[in-house]
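Notes for the structure review
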Amino acid sequence: MNNQENSTSKINSNRPWYLILHWQVFMAMALGVLIGYSPVGEFFAIYFGWLGDLFMRLLKMIIVPLVVASIISGVASAGGGRVVGRMFGKTLLYYLVSSFLAALTGLLLFNMINPGRGYPVTDTGTEPPDLATPESPIDLLLDIVPTNFFASASAGDMLGIIFFSIVFGIAITTLPDQSRTKITNVFDLLFKVMISLTSAIIKFLPIGVFGLMVTLVGKTGLQSFGNLFQYVLALGSGLSIHFLISIPLLLYFWGRVSPWKHLMNLRETLLVAFTTSSSAATLPVTLSAVRQKVGVSDRVSSFTLPMGATVNMDGTAIMECVGALFIAQALGAEIGFMTQVAVVITALLASIGAAAVPSAGLVVIFIILNVIGIGDNPEALLIVGAMLSIDRPLDMARTAVNVYSDSCAAVVVAKWEGETQINKEIR
Ligand code: ASP
């Protein structure tokens, strides 16, 4: 993970602004909108639109190996032994509860704001797609367990892949020390390879965004921006509610710690998370704040935080839930109760599979789109493109939420492990 941390901070420092990726994306979006809206828009959409398709294919290409490597290395890094097993259970409990609350918050905000309603794509005469929906919660549960891992991998059945990766990672933690370290190292290396491939592909984001924006604006004009604004509103409200209400409540009731004091202790860390957009890059700062300012032991913090950086992503879970439902609604699809249940569960699993680097959340949104059967819908891909073009500030905010939740998990697990030094002015 260290290479990744260093490279992310290097990417963001000491460069002229026009070489920084998010500014390039912004310029590409502006250019795409201008050209798409101009009289030559149609011409450009025909001859340059394929750049967007190419970029989307590259993103899809990396999903399976990236998610597998990310989950296995994150879970296996927990280590082995009975004490670790006990801490693992407690940490996982916090992570599951907080991510589930996050996805539910996303669902609530989606239903209140309905950001995709009236999206112009639905007026172009294309038939709204039928969403693939499990019949009942039991069906959903059965869908999660794959009958054949390789068949799931080749069919892009991400739920099965995620489930298998989690149990495979847990099985690794039960091996004797030497074997466990060896196989964990293999998956750590594989994860590093996939991160470097992802970073290389993300560098082409401005080109992809240009191709997608030219096509989108050429086709639907500027009307879709009103819906995008509502998507930002729904996501921003969800992130704020989770950050200001849900996590503080967990911290207060489970950690018995003043949420305000904890927030103050974490403020620099949150700023780093916000500016780097990467939980992994923030990890050293999170570790130091949680140990030195909050007073959590090395034993608990070095267990919960690295695992949390990869596995626990509350902000990402909110984004996956709101984002996928936004796309389905924009396409005019009927979104029933079971679809919403499926999206919440899948958003939780997708957030576990997202890597802790900038823009990872939008790579794994394909997981949910595949589950509800619109992963290959060309209109859906255009909407993902529009979301990509405005993702940076949203990514900054959800990364801060991700890191904040990790730090709270460390406090809660430390409390459950009987630690008494928390928030006792240790420096
Ligand atoms: N950038 C986020 C993180 O590192 C992941 C995401 O894109 O949602 O925590």
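To start, this report covers the structure provided alongside it. Predicted model, so just to flag it, every value in this text is computed and none were measured. (Residues numbered from 1 in each chain as written. Predicted model: local features only at pLDDT ≥ 70, side-chain atom pairs only at ≥ 80, totals over all residues. Heavy atoms only, no water.)

Bringing the overall build of the protein into the picture now. The helix and strand inventory of the protein stands at 19 helices and 0 strands. Its C-alpha atoms give the protein a radius of gyration of 21 Å, near enough to 22 Å, the size a compact globule of 427 residues would have. Considering only C-alpha atoms, the protein reaches an extent of 65 × 50 × 40 Å along its principal axes. When the 427 residues of the protein are sorted by exposure, 56% land in the buried category. In the protein, of all internal contacts separated by at least 6 residues, the share reaching a separation of at least 24 is 85%. Counting only carbon and sulfur atoms, one obtains 66% of the accessible surface of the protein, whose full area is about 17800 Å². Averaged over its 24 positive side-chain charges, the protein has a centre that lies 15 Å from the centre of its 25 negative ones. (Helix = DSSP H or I, 4+ residues; strand = E, 2+ residues; numbered from the N terminus. Rg over C-alpha atoms; globule rule 2.2 N^0.38 Å. Buried < 20%, exposed > 50% of the residue type's maximum accessible area, 1.4 Å probe, protein only. Contact = heavy atoms within 4.5 Å. Areas by Shrake-Rupley, 256 points an atom, 1.4 Å probe, with all protein chains shown as cover. Lys, Arg positive; Asp, Glu negative; His and termini not counted. Charge placed at Lys NZ, Arg CZ, Asp CG, Glu CD.)

If you look at the biggest cluster of nonpolar residues, it comprises 135 residues, and the most contacted ones within it are L59, Y231, V296, I327, I365 and M387. In this view, V296 contacts V290, R291, S301, A410, V411, A414, E419 and I422; residues no more than four positions away in its chain are not counted. (Core = buried A, V, L, I, M, F, W, Y, C linked by side-chain atoms within 4.5 Å.)

With that settled, consider helix 12 (residues 267-276). Within helix 12 the residues assigned to the buried category are T269, L270, A273 and T276. The buried residues of helix 12 occupy one face: seen down the axis, they fall within an arc of 140°. Phi for S277, located one or two positions after helix 12, is positive at around 60°. (Arc of directions from axis to C-beta.)

With respect to the helices and strands, the residue R15 is situated in the loop between helix 1 (2-12) and helix 2 (21-37). Given the relative accessible area of 43%, R15 is considered partly exposed. Remark: the alpha-carbon pair of R15 and V341, spanning 326 residues in sequence, is separated by 44 Å.

Within the secondary structure, S165 is located in helix 7 (residues 158-173). Take S165: its relative accessible area is 0%, and that puts it in the buried class. A polar atom in the side chain of S165 sits 2.7 Å from the backbone oxygen of I161. Those residues in contact with S165 that lie beyond four places of it in its chain are V68, I71 and I72. (Polar contact = N/O pair within 3.5 Å; in protein donor to acceptor, adjacent residues only side chain to side chain.)

Attention shifts here to the packing of aromatic side chains. Summed over all chains, the structure comprises 15 aromatic pairs. Taking the centre distance of 4.9 Å and the plane angle of 45° together, the rings of F43 and Y47 count as tilted. Linking F43 with Y47, this pair stays in helix 3 (residues 41-76), spanning 4 residues, or about one helical turn. Taken together through their ring pairs, the aromatic side chains of F149, F150, F164, F168 and F187 make up a single cluster. The ring centre of Y252 lies 5.3 Å from the NZ or CZ of R256, which sits over that ring. (Phe/Tyr/Trp six-rings, centres within 6.5 Å; stacked < 30°, edge-to-face > 60°. Lys NZ or Arg CZ within 6 Å of the ring centre and 35° of its normal.)

If you check the shell around the ligand, you find 16 residues, and the closest are S279, T316, G361, D395 and R398. At 2.7 Å from an oxygen atom of the ligand is found a main-chain nitrogen or oxygen belonging to G361. The separation between an oxygen atom of the ligand and a polar side-chain atom of N402 is 2.9 Å. Considering the ligand on its own, with 270 Å² of exposed area, one finds that the protein chains cover 100% of that surface. Looking at the shell around the ligand, the elements with two or more residues in it are helix 17 (360-371) and helix 19 (391-416). Per-element accounting of the shell around the ligand gives the leading share, 4 residues, to helix 19. The residue makeup of the shell around the ligand, split by class, is 6 nonpolar, 8 polar and 2 charged. (Near = heavy atom within 4 Å. Nonpolar A, V, L, I, M, F, W, Y, C, P; charged D, E, K, R; others polar.)

The analysis is restricted to geometry; functional conclusions fall outside its scope.
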